[in-house]
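A structural walkthrough
In case you want the letters, here they are:
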Amino acid sequence: MAEGRKKLVQSTKTLYKLSVSAIADRLLTYRKHLVYLPENVLFDLYYQLYQERRLCLLGMELGDLETFSRMLNVTNRRVHLLQSFQALMDHGTMVGKELAISYDICCIRVEENLAAHDKVINVGLRLGEFLSDAGWYTESERVLLACKKLSILDEPTPENLCRTLKCCCKLLHAQAAYYTFRGASETHQLAMNTIQQLRCGGHTNNNYAALYGEFSVLFFIRIAFMIRFAILCFRWGIEALKQLKPSLPPRVIIDVLRQVAKSCVVKREFQKAGLLIRQAVYLAKEIFDTDHPKYSDVLIDYGFYLLNYDCIVNSVSVYKAALDIRKAIFGKANLHVALAHEDLAYALYVREYNSGKFQEASDHAGKAIDIMEKLFAGVHIMLASAKRVKALILEEIALDNAPMPLSEQTLLQKSECLHLSALQLSKTTFGEINVQTAKHYGNLGRLYQSMRKFEEAEAMHLKSISIKEKLLGPEDYEVGLSVGHLASLYNFHMNRYRDAEKLYYRSIAISLKLFGKSYSGLEYDYRGLLHVYTKLDERDKVLEYTDIFNHWKELRDKYAQSEDQPIDLQKRPQPIEEVISAFFSM
């Protein structure tokens, strides 16, 4: 009897699938009746079209705003909806733009009908969030701008003001992610004014964890402008962390944890960063599982932490895992995938710096650039970062692997074109006095050193150091990097050994203060000093720094052996109250 019952269940499941397939085959015939189907059944029907690659028909269905809104209600199938949506975008159906335009028109139609605002705004919030999750930020911004406009037309009751803040939160996320800084500044100001309205009305118990987290994200991205944004990034992150409660949606808790972890990395507070980002990883795994885009987002931030904390090998494995998840969901032509390729390319470049095996890194950087150039109608600041990574890799390939001088020169010229293009994009977006532009000047300095244009190289390094010191102070990690590069130029190409010596000491002091005696970057400074003292024939100093360098190698070997696997798949997250308590006790 039990076996018979089991077979009956299997047969019913098969019959359901056959029914879905049969309706999909005759969709146009039954189309007018689809409105009566439950949402989960309708979802299965559309997913069947996706699996059969009947994308024109699927695009016709999902391009309808009301139909797509119903699909957004099937929250347990979000990954499948993302896959289907991306397939339509790849197919050229422009479904994202169609939905954004339809929502715009819908908002205009109901402007005078205040009773309809609530439903339309809720649709906009869910659609805007989905488009952002899908990596289509321009469409997301359009939807959420229309949503915001409709929201602020309503009477400023506490309920309506809170809804406006929710809209600002999602809009700010899309604008910051796409580097739409002017719009993001306006959204940030509206949010601040709305919070003030609520407080003036005596409503002081609202939870702003998600919104404060987005404030922190905005200032994290804008750190390129000046150091005060780094301070604001950390400050808003801490405010968001203080407001975390177990009752908040897990997505909010995860996003706040990962954002505060990134702000701690910028401040070089790695113990705090490690605590938060690991908890974000374990929570995302438990709530969303390991095939969800939220888990890949957390892995990207975990890779950022590991790379900056000098756990380079582990950072590569984490970035690879994140890329695999994103490719499985978003395919090949998606911004999320491009950014994952870029992050992995840079981590591979750092890992293989001494081996000279840069082909894998070059492939990923090239894929990032190809995807971005297809997605962006014109130039975009995100291309600057990807081009910078590709240029760095080409330079190293030219110096380490090129078999003939002609091919070396060609690669160096390609690298220069990429660096100059990235520099121009950065100056156009951020201006001259910012960290990103300073990095591009420094990269050009290293390239001109490789091209034996030593005066140009010195000018680029000095400009990079000057900007970084002005923005970050004299003892920042970025300043230390640029100082070390200038020391290398003086040491190996301009015979200015005493100048190089002073700069090496300064770079070493910064590294020891921030990372300790086993930091990988110390290798280049110690080797540089050994070269300096050999050229100056100062044998006592050669012996002294030979001992220091050998001790560093011993520490480095121990550090490498102590690196654990980055992710313990069996580990569960701690209660959020314990995490916050541990953070503030550090």
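Residues numbered from 1 in each chain as written. Predicted model: local features only at pLDDT ≥ 70, side-chain atom pairs only at ≥ 80, totals over all residues. Heavy atoms only, no water.

For the protein chain, an unreviewed UniProt entry supplies the name Amyloid protein-binding protein 2 and the organism Vespula germanica.

Attention now moves to the overall build of the protein chain. Looking only at helices and strands, one finds 28 helices and zero strands in the protein chain. A globule of 586 residues ought to have a C-alpha radius of gyration of about 25 Å, and the protein chain, at 27 Å, matches this closely. Over its C-alpha atoms, taken along the principal directions, the protein chain stretches across nearly 90 × 60 × 50 Å. The 586 residues of the protein chain split such that 54% are buried. Taking the intrachain contacts of the protein chain between residues at least 6 apart in sequence as the baseline, contacts between residues at least 24 apart amount to 68%. Total accessible area on the protein chain is roughly 27,500 Å²; 53% of this is exposed by carbon and sulfur atoms. (Helix = DSSP H or I, 4+ residues; strand = E, 2+ residues; numbered from the N terminus. Rg over C-alpha atoms; globule rule 2.2 N^0.38 Å. Buried < 20%, exposed > 50% of the residue type's maximum accessible area, 1.4 Å probe, protein only. Contact = heavy atoms within 4.5 Å. Areas by Shrake-Rupley, 256 points an atom, 1.4 Å probe, with all protein chains shown as cover.)

The subject of this paragraph is the pattern of salt bridges. Here the structure, examined in full by the defined rule, presents 36 salt bridges. One salt bridge connects glutamate 239 with lysine 242, and the closest N-O pair in it is separated by 3.7 Å. Linking glutamate 239 with lysine 242, this pair stays in helix H13 (residues 227-242), spanning three residues, or about one helical turn. A residue is classified by how much of its surface remains accessible, and lysine 242, at 48% relative accessible area, is partly exposed. (Salt bridge = Lys/Arg side-chain N within 4 Å of Asp/Glu carboxyl O.)

So, on to the environment of serine 132. Of note, serine 132 is situated in helix H8 (residues 114-133). In contact with serine 132, not counting residues within four places along its chain, are Tyr137, Ser140, His173, Ala174 and His336.

Looking now at unusual backbone geometry. The backbone of arginine 53 shows a phi angle near 60 degrees, a positive value even though the residue is not glycine. Position of arginine 53 among the secondary structure elements: in the loop between helix H3 (39-51) and helix H4 (55-62). A positive phi angle, near 65 degrees, is found at arginine 452, a position not held by glycine. As for its placement among the helices and strands, arginine 452 is situated in the loop between helix H22 (435-450) and helix H23 (454-472).

With 200 residues, the main nonpolar core has Phe85, Tyr103 and Leu244 as its most contacted residues. For this core, the element with the most residues is helix H20 (residues 381-400), which contributes 12 residues. Excluding residues that lie within four positions of it along the chain, leucine 244 makes contacts with Ala209, Val252, Ile253, Val256, Leu257, Ile576 and Ile580. (Core = buried A, V, L, I, M, F, W, Y, C linked by side-chain atoms within 4.5 Å.)

Domains assigned within the protein chain are domain 1 (207-311 + 566-585), domain 2 (333-424) and domain 3 (431-563). The distance between the C-alpha centroids of domain 1 and domain 3 comes to 31 Å. (Domains from an automatic or database assignment.)

This part covers the confidence of the model for the protein chain. Of all residues in the protein chain, 95% attain a pLDDT of 70 or more, and the chain-wide mean is 91. Here residues 1-11 scores under 50 on pLDDT; set against residues more than four positions off or in separate chains, the count is zero contacts. (pLDDT = per-residue confidence, 0-100.)

As a further point, take the packing of aromatic side chains. Enumeration over the complete set of coordinates arrives at 27 aromatic pairs. Consider the rings of tyrosine 349 and tyrosine 353, whose centres lie 5.8 Å apart with planes at 85 degrees: the pair is edge-to-face. Exposure remark for tyrosine 349: the relative accessible area of 4% places this residue in the buried category. Judged by relative accessible area, tyrosine 353 falls into the partly exposed class, the value being 25%. Centre to centre, the rings of tyrosine 353 and tyrosine 524 are 5.7 Å apart; their planes meet at 85 degrees, and the pair counts as edge-to-face. With tyrosine 353 in the loop between helix H18 (335-351) and helix H19 (359-375) and tyrosine 524 in helix H26 (residues 522-535), the pair connects residues that are 171 residues apart, well separated along the chain. Accessibility expressed as a relative area gives 37% for tyrosine 524, which makes it partly exposed. Three or more aromatic residues link up through ring pairs in this structure, and these residues are Phe270, Tyr302, Tyr305, Tyr309, Tyr477, Phe515 and Tyr519. Over the face of the ring belonging to phenylalanine 220 we find lysine 262, whose NZ or CZ atom lies 4.8 Å from the ring centre. The residue whose ring lies beneath arginine 496 is tyrosine 490, and the NZ or CZ to ring-centre distance is 3.9 Å. (Phe/Tyr/Trp six-rings, centres within 6.5 Å; stacked < 30°, edge-to-face > 60°. Lys NZ or Arg CZ within 6 Å of the ring centre and 35° of its normal.)

Tallying each qualifying case throughout the model produces one cavity of 30 Å³ or more. In this structure, the largest cavity occupies an estimated 50 Å³ of space. Forming the boundary of the largest cavity are Phe43, Tyr46, Tyr47, Leu58, Leu62, Met71, Leu81 and Ser84. Taken together, the elements giving at least two residues each to the lining of the largest cavity come down to H3, H4 and helix H6 (78-91). Counting residues per element, the lining of the largest cavity draws most heavily on H3, at three residues. When the residues that make up the lining of the largest cavity are grouped by side-chain class, the tally is seven nonpolar, one polar and no charged. (1 Å grid on protein atoms, 1.4 Å probe; cavity = no way out; pocket = protein on both sides within 12 Å on 5 of 7 lines; lining within 4 Å. Points joined across faces, edges and corners; volume = space filled by probe spheres on them. Nonpolar A, V, L, I, M, F, W, Y, C, P; charged D, E, K, R; others polar.)

On to the layout of surface pockets. Rolled over the atoms, a probe with the dimensions of a water molecule shows which regions are left empty. The volume enclosed by the second largest pocket comes to roughly 460 Å³. As for the second largest pocket, its lining consists of 20 residues, of which Trp136, Thr138, Glu139, Tyr178 and Leu375 are closest to the centre. Where the lining of the second largest pocket is concerned, the elements lending two or more residues are H6, helix H7 (95-109), helix H9 (137-151) and H19. In terms of residues, the lining of the second largest pocket owes the most to one element, H9, which gives four residues. Tallied by class, residues from the lining of the second largest pocket come to 12 nonpolar, three polar and five charged.

On to the side chain of glutamate 478, then. For glutamate 478, the position within the fold is in helix H24 (residues 477-492). Every residue in contact with glutamate 478, bar those within four places of it in the chain, is listed here: Lys439, Lys468 and Leu472.

Within the element layout of this structure, threonine 290 appears in the loop between helix H15 (270-288) and helix H16 (293-308). For the pair threonine 290 and alanine 321, spaced 31 residues apart in the sequence, the C-alpha separation amounts to 9.5 Å. Not counting residues within four places of it along the chain, the set of residues in contact with threonine 290 comprises Lys285, Tyr295 and Ile325.

The next point concerns the state of the cysteines. Evaluated as defined, the whole model comprises zero disulfides. Cysteine cysteine 106 remains unbridged, with the sulfur of cysteine 107 as its closest cysteine sulfur at 5.8 Å. On the basis of relative accessible area, cysteine 106 is assigned to the partly exposed category, the value being 23%. Its sulfur unpaired, cysteine 200 is 14 Å from the next cysteine sulfur, which belongs to cysteine 162. (Disulfide = S-S within 2.5 Å.)

With that settled, consider H7. Since the α-helix turns once every 3.6 residues, residues separated by three or four places project in the same direction. Given a rise of 1.5 Å per residue, 15 residues ought to cover 21 Å, and the 21 Å separating the end C-alpha atoms of H7 matches this to within 8%. Of the residues making up H7, those classed as buried are Val95, Gly96, Leu99, Ala100, Tyr103 and Cys107. Seen along its axis, H7 keeps its buried residues to an arc of 135 degrees; they face one direction. Seen from the open side of H7, the exposed residues pointing more than 90 degrees away from its buried face are Ile108 and Arg109. Looking at the buried positions of H7, the neighbouring elements they touch are H4, helix H5 (65-72), H6, H8 and H9. (Expected span 1.5 Å × (residues − 1). Arc of directions from axis to C-beta.)

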